[in-house]
Amino acid sequence: MTAKEILQDILQGALKKANKKLAVSPFPPLNFEIPKSEAHGDYATNIALTLAPKLKQPPRDIATVIVDSIEDQSSVIDTVSIAGPGFINFAFKDSFWCGRLREVHRMGDAFGQINLGSGQKTQVEFVSANPTGPLHIGHGRGAVLGDALANILRFSGYEVSKEYYLNDVGNQMNTLGRSVFYRYKELLHQPVDFPDDYYQGEYIYDIARRALALYGDTYLNADEEVSIPVFGDYAQKEILAGIKKDLADFAIRFDTWFREKTLVETGIVDSTIADLRKNNYIYEKDGALWFAATRFEDEKDRVVVRQNGQKTYFASDIAYHKNKFTRGFDRLIDIWGADHHGYIPRMKAMVQALGYDPERLRILLVQIVSLSRDGVPISMSTRSGQFVSLREVLNEVGSDASRYFFLMRRPDSPFDFDLELAKKQSDENPVYYVQYAHARLSSILRVAAERGIDISRLDTADLDLLTNPEEISLIRKISHFPDVIESCALFLEPHRITIFLQDLVSSFHRYYHSGKLDADRRVLTDDESLSRARLCLVESLKITIKNSLSLLGVSAPESM
RNA sequence: GCGCCUGUAGCUCAGAUGGAUAGAGCAGCGGACUUCUAAUCCGCAGGCCCCGUGUUCGAAUCACGGCAGGCGCGCCA
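Residues numbered from 1 in each chain as written. Chains lettered and ligands numbered in written order. Predicted model: local features only at pLDDT ≥ 70, side-chain atom pairs only at ≥ 80, totals over all residues. Heavy atoms only, no water.

**A closer look at the domain arrangement of chain A**
Interfaces are often sized by the accessible area lost when the parts come together.
Item 1. Under the domain assignment, chain A is made up of domain 1 (3–92), domain 2 (171–246) and domain 3 (429–552).
Item 2. A C-alpha centroid distance of 31 Å is found between domain 1 and domain 3.
Item 3. Together domain 1 and domain 3 conceal approximately 550 Å² of surface at their shared face, both sides included; 39% is due to carbon and sulfur atoms.
Item 4. Along the contact surface separating domain 1 from domain 3 lie 3 salt bridges.
Item 5. Between K4 and E486 there is a salt bridge, with the nearest N and O atoms lying 3.3 Å from each other.
Item 6. Between the two partners, domain 1 and domain 3, sit 5 residue pairs in polar contact (both at pLDDT 80 or more).
Item 7. Its residues placed into classes, the side of domain 1 that touches domain 3 shows 2 nonpolar, no polar and 3 charged. (Domains from an automatic or database assignment. Buried area = accessible area lost by both parts, 1.4 Å probe. Salt bridge = Lys/Arg side-chain N within 4 Å of Asp/Glu carboxyl O. Polar contact = N/O pair within 3.5 Å; in protein donor to acceptor, adjacent residues only side chain to side chain. Nonpolar A, V, L, I, M, F, W, Y, C, P; charged D, E, K, R; others polar.)

What follows is the structure, given as structure tokens:
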């Protein structure tokens with residue numbers, strides 16, 4: 001039970017009792033917020049304010065009735081006050097907070113876990129970049145968001161699966177094969193006319209060189225019908241290996257790599273189309289097959305099979321999402337680049353046509369990352385081959401810093417990533433601020449052990465010795481961690497963790513520094529029981545930071 | 001033209017489903033370590049929350065109308 005839940009229980013009881021007088025039905029939901037100012041207590045509720053219009057009574061009067069009904073049986077509340085227009089502010093006793101600290105310490109790696117999801121099966125599909133070229137920086141943002149979000153949901157009690165959808169069929173695979181084959185011919189000094197709509201990137205030459213080393217000139221004069229697929233398959237394999245390597249170095253692992261090919265080959269795409277056709281959601285017009293998206297919220301009907309008989313990617317998407325549901329996922333989260341936002345209505349329509357509640361599919365858009373170097377914008381396009389790869393960013397900036405950088409921002413907000421700036425500021429990157437705190441905490445524990453203090457069972461320390469306001473304030477902040485996780489999971493916004501971390505860590509650095517000015521305020525003092533109590537706080541801080549960073553996929557170093 | 005996203009300090013961005021005095025980092029200026037890590041801390045300065053109207057006890061947050069930037073609007077992916 002979190003501190004907030006404990007308070008919720010107490011207040012629910014009070015509201016039930018108070019409602020005998022107030023007689024409100026239905027009762028509005030009870031919300032707690034953490035006040036900006038600590039002077040306003042630990043938690044506050046505006047319940048009296050929301051009730052006022054219904055009851056046509058002054059909010060402060062209603063608040064009084066509620067407050068009078070509060071029964072604090074286990075005696076954890078220090079003060080309850082009615083403030084401002086009618087807020088009810090609560091503050092727990094210091095002894096309560098000290099008890100929470102013991103809880104935190106005992107929970108360790110599990111601290112922060114909640115049961116919001118109660119085992120609901122959720123799939124997060126992200127990155128899903130086409131295997132036609134290396135990942136670029138924009139993929140990186142989606143990758144980090146999806147990974148962190150999946151971690152958070154798992155921590156919140158959902159059963160989560162991370163999935164990468166691989167578009168390994170269709171025209172682009174053919175184009176890829178051609179692109180590599182042409183470069184291969186070029187390397188063998190055959191004149192080629194390399195079309196503009198082939199993949200232009202330098203990486204195509206790299207693959208062609210490796211293909212040349214492997215095959216020699218075997219395919220130089222072979223029939224293109226034979227050679228193109230060979231080069232296509234080879235290129236795809238190479239590129240996919242590169243993508244996997246990039247992701248691995250970015251601390252991202254997928255549970256499932258789902259190939260579009262499996263949908264096509266097992267006939268699921270055809271059978272899904274046939275089913276929808278039976279229900280008249282798909283019809284024929286102008287020699288093509290159309291999905292009747294306008295029967296839902298979309299503005300146009302959408303082609304699923306073209307006049308030339310080729311299926312569109314949307315056809316596969318339908319089959320793929322049906323497949324996801326039949327695999328038993330309660331909830332699907334797709335993460336896309338914002339440039340695909342126009343596809344959302346047809347996706348929602350498709351889910352409905354398949355007979356599922358559209359609410360079960362959430363599509364999160366991550367805004368485009370624009371890149372610049374020394375303030376000069378870099379235009380990017382996979383086709384033209386002009387882009388900054390995720391690999392380059394990883395090599396220049398590093399995984400921890402890049403991940404944290406991405407995760408500090410709301411997915412909705414556009415992000416201008418200046419490579420030179422990111423490098424230049426790498427010393428001052430906020431991620432080091434947080435990691436440094438973790439290293440500092442680790443160092444204190446090391447020194448304590450060196451001085452012969454038993455740090456193995458700090459949860460048995462006499463925590464009532466923690467009486468400095470800064471210490472209680474730190475415990476309070478630590479205790480908010482589960483609330484932060486809850487809001488991240490509810491809003492699907494991992495960046496809230498970085499904001500929490502910044503605040504928590506800043507308080508710790510200040511607390512630590514006060515020990516430099518005043519020896520009595522150091523963690524390690526002459527008084528061993530006091531030291532052990534403070535060490536319990538230190539270790540709990542360390543646990544909280546480590547759990548946070550681990551959800552973000554950022555390392556928590558023992559020393560720096 | 002229509003749709004989606006964004007607009008908050010010089011810069012990069014937070015702001016808890018409408019709450020109390022709008023915050024942080026960077027950049028700028030001035031300070032702080034003999035002892036647990038100075039990748040740290042403290043102070044100063046910096047604001048028409050894009051504009052307007054509305055909704056109500058209360059708006060950076062919600063609604064409507066503008067303005068500016070980004071991205072979409074294919075039988076491409």
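Okay, back to it.
**What about helix α16 (residues 430–450)?**
Item 1. Taking 1.5 Å of rise per residue, the 21 residues of α16 would be expected to cover 30 Å, and the 31 Å separating its terminal C-alpha atoms lies within 8% of that figure.
Item 2. V431, V434, Q435, A437, H438, A439, R440, L441, S442, I444, L445 and A448 are the residues of α16 that are buried.
Item 3. Buried residues in α16 make contact with α14 (399–407), α19 (495–517) and α20 (528–552).
Item 4. Near the N-terminus of α16, the side chain that reaches the backbone nitrogen of V431, with its oxygen 2.9 Å away, is that of N429.
Item 5. Two residues or fewer past α16, G452 is found with a positive phi of approximately 85°. (Helix = DSSP H or I, 4+ residues; strand = E, 2+ residues; numbered from the N terminus. Expected span 1.5 Å × (residues − 1). Buried < 20%, exposed > 50% of the residue type's maximum accessible area, 1.4 Å probe, protein only. Contact = heavy atoms within 4.5 Å.)

**Comments concerning the packing of aromatic side chains**
Item 1. Per the counting criterion, the structure on display carries 34 aromatic pairs.
Item 2. Seen in terms of ring centroids, F92 and W97 are 5.4 Å apart; in terms of plane orientation they differ by 90°. Their pairing is edge-to-face. Judged on exposure class, the residue F92 and its partner W97 are both buried.
Item 3. Taken together through their ring pairs, the aromatic side chains of F181, Y182, Y184, F194, Y198, Y215, Y219, F231 and Y234 make up a single cluster.
Item 4. The side chain of R346 reaches across the aromatic face of Y343, ending 3.9 Å from its centre. (Phe/Tyr/Trp six-rings, centres within 6.5 Å; stacked < 30°, edge-to-face > 60°. Lys NZ or Arg CZ within 6 Å of the ring centre and 35° of its normal.)

**Re the environment of D301**
Item 1. Summarising the element assignment, D301 is placed in the loop between β9 (288–291) and β10 (302–305).
Item 2. In this structure, the C-alpha to C-alpha distance between D301 and E528, residues 227 residues apart in sequence, is 74 Å.
Item 3. With sequence-adjacent residues up to four places away left out, D301 is seen in contact with Y283, W290, F291, A292, A293 and T294.
Item 4. One polar contact links D301 to Y283, side chain to side chain, over a distance of 2.5 Å.
Item 5. Side chain to side chain, D301 and T294 meet in a polar contact 2.6 Å long.

**A word on the pattern of salt bridges**
Item 1. In total, this model carries 30 salt bridges according to the counting rule given.
Item 2. The salt bridge partner of E284 is R277, with a shortest N-O separation of 3.2 Å.
Item 3. Residue R277 is classed as partly exposed on the basis of its relative accessible area of 37%.
Item 4. Across the pair R457 and D459 runs a salt bridge whose closest N-O atoms are separated by 3.0 Å.
Item 5. Within this structure, K245, D246, D249 and R391 form a network of salt bridges that share partners.

**Focus on the environment of L15**
Item 1. With respect to the element layout, L15 can be found in helix α1 (residues 3–22).
Item 2. On the basis of relative accessible area, L15 is assigned to the buried category, the value being 3%.
Item 3. Expressed as a C-alpha distance, the spacing of L15 and L30, which sit 15 residues apart in the sequence, is 9.4 Å.
Item 4. Discounting chain neighbours no more than four positions away, the residues touching L15 are F27, L30, I47 and I66.

**Structural notes on the confidence of the model for chain A**
Interpretation of this model should avoid reading the predicted coordinates in detail wherever pLDDT is low.
Item 1. Residues of chain A with pLDDT of at least 70 account for 97%, and the chain-wide mean is 92.
Item 2. Mean pLDDT per element in chain A: strand β14 (residues 376–378) is the minimum at 71, and strand β6 (residues 159–166) is the maximum at 98. (pLDDT = per-residue confidence, 0-100.)

**A look at the sheet that holds strand β4 (residues 87–92)**
Item 1. If you walk across this open sheet you meet the 4 strands as β1-β2-β4-β3, and the pairing is antiparallel. Two strands close off the open sheet at either side, each with one partner strand: β1 (32–33) and β3 (77–83).
Item 2. Of the pairings in the sheet, the one linking β1 to strand β2 (residues 43–45) comprises 2 bridges and is antiparallel in character. Bridging across to β2, E33 finds its partner in A44.
Item 3. Sheet contacts for helix α3 (residues 59–68): β3 and β4; angle to β3, the most-contacted strand, approximately 160°. (Pairing = 2+ DSSP bridges. Axes fitted to C-alpha atoms, helices over the stretch in contact; angles between N-to-C directions.)

**Brief notes about the protein's contact with RNA strand B**
Item 1. Close contacts around RNA strand B come from 64 residues, with Y343, R409, Y433, Y436 and S443 the closest.
Item 2. Of what RNA strand B places within 4 Å of the protein, 64% of the atoms are sugar or phosphate.
Item 3. When residues of the surface near RNA strand B are traced back to their parent elements, those giving at least two are β4, β9, β15 (415–418), α16 and α19. (Near = heavy atom within 4 Å.)

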